[in-house]
Amino acid sequence: MTGIIAKGLLIPFFGTALGSACVFFMKKEMSTKLQKSLSGFAAGVMIAAAVWSLLIPSMNQATEQGMGKLGFIPAVIGFCLGMLFLLLLDVITPHMHLNETVEGPKSKFSKTTMMILAVTLHNIPEGMAVGVLYAGWYTGAVQVSATAALALAIGIAIQNFPEGAIISMPLHSKGCSKTKACWYGVLTGIVEPIAGLLTILLAQFVVPVLPYLLSFAAGAMIYVVVEELVPEMAAEDGDQHSNTGTIMFMIGFSLMMMLDVALG
């Protein structure tokens, strides 16, 4: 059982690592159209994962714990806390987005460091999401199977593949060598298995609040989608409007939904 969990926690990390390695095979600059496509795809995967893999199990588990028609309460509370947690991290952590917009307190960090911090913040809720599902399966407190947790891990890994490229390619275009850019991209993914492991350790001692942890992870993921990915996929390219991001969102959402239902 421990081996199954370890493999599940590492799958999203490998997705990030493989995506970061794209810097060795692609041009120095990532086109705006490709960047919008990747952002849209990632947003679709994350929203579907948040709904099918986290929010619905959260409400189902609360109902089974005796809350009945009030089973939505843990989902609402956890969801809001998850979004507020990421909002707090955004406020207190200096970081820079792909469009070079700097957020958080003033610092002397380099642009490279702040960009890495931005992506690292995004990866925390993804690791938590995988961790809390495996915790639910391990403890038996949430009616999820090992394959359902695996489906989420695979879905996030698929989403992390383009995300790894999104971080390594711009770093290379800003002057980093391909090796360094790839390594920095890989480093942003390390936080995922760490966050997942910490969530599992926490969940074992607070089984009754698993519905809150499930929805907390969902809220954190949705925050990333709303705050970062949607603006990136919808950004205008000069005077040109493109529906590429929207189409890729549809594909990502559908793929994650199919994975969850088929493997769950």
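Residues numbered from 1 in each chain as written. Predicted model: local features only at pLDDT ≥ 70, side-chain atom pairs only at ≥ 80, totals over all residues. Heavy atoms only, no water.

> So what about the overall build of the protein chain? Which residues, and what values?
From N to C terminus, the protein chain includes 8 helices and 2 strands. Reading the helices (α) and strands (β) of the protein chain from amino to carboxyl end gives α-α-α-β-β-α-α-α-α-α. Computed over its C-alpha atoms, the radius of gyration of the protein chain comes to 18 Å, within 12% of the 18 Å expected for a compact globule of 264 residues. Once the C-alpha set of the protein chain is aligned to its principal axes, its extents read approximately 55 × 35 × 35 Å. Counting only residues that meet the buried cut, the protein chain has 51% of its 264 residues in that class. Across the protein chain, every contact between residues at least 6 apart in sequence was considered, and the portion connecting residues at least 24 apart equals 79%. Looking at the protein chain as shown, the accessible area adds up to about 11800 Å², and 71% of this sits on carbon and sulfur atoms. Charged side chains in the protein chain number 12 positive and 15 negative. The centres of these two groups are separated by 9 Å. (Helix = DSSP H or I, 4+ residues; strand = E, 2+ residues; numbered from the N terminus. Rg over C-alpha atoms; globule rule 2.2 N^0.38 Å. Buried < 20%, exposed > 50% of the residue type's maximum accessible area, 1.4 Å probe, protein only. Contact = heavy atoms within 4.5 Å. Areas by Shrake-Rupley, 256 points an atom, 1.4 Å probe, with all protein chains shown as cover. Lys, Arg positive; Asp, Glu negative; His and termini not counted. Charge placed at Lys NZ, Arg CZ, Asp CG, Glu CD.)

> Please provide a residue-by-residue account of the packing of helix α2 (residues 32-67) against helix α8 (residues 244-263), values included.
Across the interface, α2 lies against α8 with an axial gap of 6 Å and an inter-helix angle of 35 degrees. Note on packing geometry: the crossing formed by α2 with α8 is right-handed. For the contact of α2 with α8, the per-class residue count stands at 15 nonpolar, 7 polar and 3 charged. (Axes fitted to C-alpha atoms, helices over the stretch in contact; angles between N-to-C directions. Left-handed = near helix turned anticlockwise from the far one by under 90°. Nonpolar A, V, L, I, M, F, W, Y, C, P; charged D, E, K, R; others polar.)

> Any chance you could break down the confidence of the model for the protein chain for me, citing the residues and the numbers?
A low pLDDT score tells you not to read the predicted coordinates there in detail. With 93% of its residues at a pLDDT of 70 or more, the protein chain has an overall mean of 85. Mean pLDDT per element in the protein chain: strand β1 (residues 95-96) is the minimum at 74, and helix α3 (residues 72-92) is the maximum at 92. (pLDDT = per-residue confidence, 0-100.)

> With reference to specific residues and values, describe the packing of α2 against helix α7 (residues 210-234).
At a minimum axis separation of 8 Å, α2 and α7 run at an interaxial angle of 160 degrees. Classified by the interaxial angle, the pair formed by α2 and α7 is roughly antiparallel. At the point where α2 passes α7, the crossing takes the left-handed sense. Here the residues of the contact of α2 with α7 sort into 20 nonpolar, 7 polar and 2 charged. (Parallel < 35°, antiparallel > 145°, perpendicular 65-115°, else oblique.)

> Can you break down the nonpolar core residue by residue, with the values?
With 49 residues, the main nonpolar core has L54 and L152 as its most contacted residues. Looking at this core, the elements with two or more residues in it are α1 (2-20), α2, α3, α4 (111-139), α5 (146-173), α6 (178-205) and α7. Per-element accounting of this core gives the leading share, 14 residues, to α7. Those residues within four positions of L54 in sequence are excluded, and the remaining contacts are A49, A129, V132, L133, L152, L214, A217, A218 and M221. (Core = buried A, V, L, I, M, F, W, Y, C linked by side-chain atoms within 4.5 Å.)

> A description of the environment of L263 should follow, citing residues and the corresponding values.
If you trace the backbone, L263 turns up in helix α8. When the C-alpha atoms of L263 and S145 are compared, they prove to be 9.0 Å apart, with 118 residues separating the residues in sequence. Contact partners of L263, with chain neighbours within four places excluded, come to S145, T147, A148, A151 and I154.

> So what's going on with α7? Residues and values would help.
Compared with the 36 Å implied by 1.5 Å per residue over 25 residues, the 34 Å span of α7 between its first and last C-alpha is a close match. Most of α7 is tucked away, with 19 of its 25 residues classed as buried. (Expected span 1.5 Å × (residues − 1).)

> Pulling in residues and values, what's your account of the packing of aromatic side chains?
Applying the stated criterion across every chain, the model contains 5 aromatic pairs. Pairing F13 with F14 gives two aromatic rings, centres 5.7 Å apart and planes at 50 degrees, and the pair type is tilted. Seen in terms of ring centroids, Y134 and W137 are 6.2 Å apart; in terms of plane orientation they differ by 75 degrees. Their pairing is edge-to-face. Placement of the pair is Y134 and W137 together in helix α4, with a separation of 3 residues, close to one helical turn. A single burial state applies to Y134 and to W137, both of which are buried. Cluster of aromatic residues (ring-pair linked, three or more members): W52, F249 and F253. (Phe/Tyr/Trp six-rings, centres within 6.5 Å; stacked < 30°, edge-to-face > 60°.)

> For a nonpolar patch on the surface, give the residues involved together with the corresponding values.
A contiguous nonpolar surface patch, about 620 Å² in accessible area, is contributed by I77, L81, L84, L87, L88, V91 and I92. Mapping I92 onto the fold places it in helix α3. (Patch = residues over 30% accessible without salt bridge, like charges linked within 9 Å, V, L, I, M, F, W, Y side chains within 5 Å. Salt bridge = Lys/Arg side-chain N within 4 Å of Asp/Glu carboxyl O.)

> Please set out α4 residue by residue, giving values where relevant.
Compared with an ideal rise of 1.5 Å per residue, which puts 29 residues at 42 Å, α4 spans 42 Å between its outermost C-alpha atoms and is within 8% of the ideal. Most of α4 sits inside the fold, with 23 of its 29 residues counted as buried. Looking one or two places after α4, you find G140, whose phi comes out positive at around 75 degrees.

> How would you summarise the side chain of Q159 if you had to cite specific residues and measurements?
Note that Q159 resides in helix α5. Separated by 3.5 Å, the side chains of Q159 and E126 make a polar contact. When near neighbours in sequence (up to four residues on either side) are disregarded, Q159 contacts F41, A42, V45, M46 and E126. (Polar contact = N/O pair within 3.5 Å; in protein donor to acceptor, adjacent residues only side chain to side chain.)

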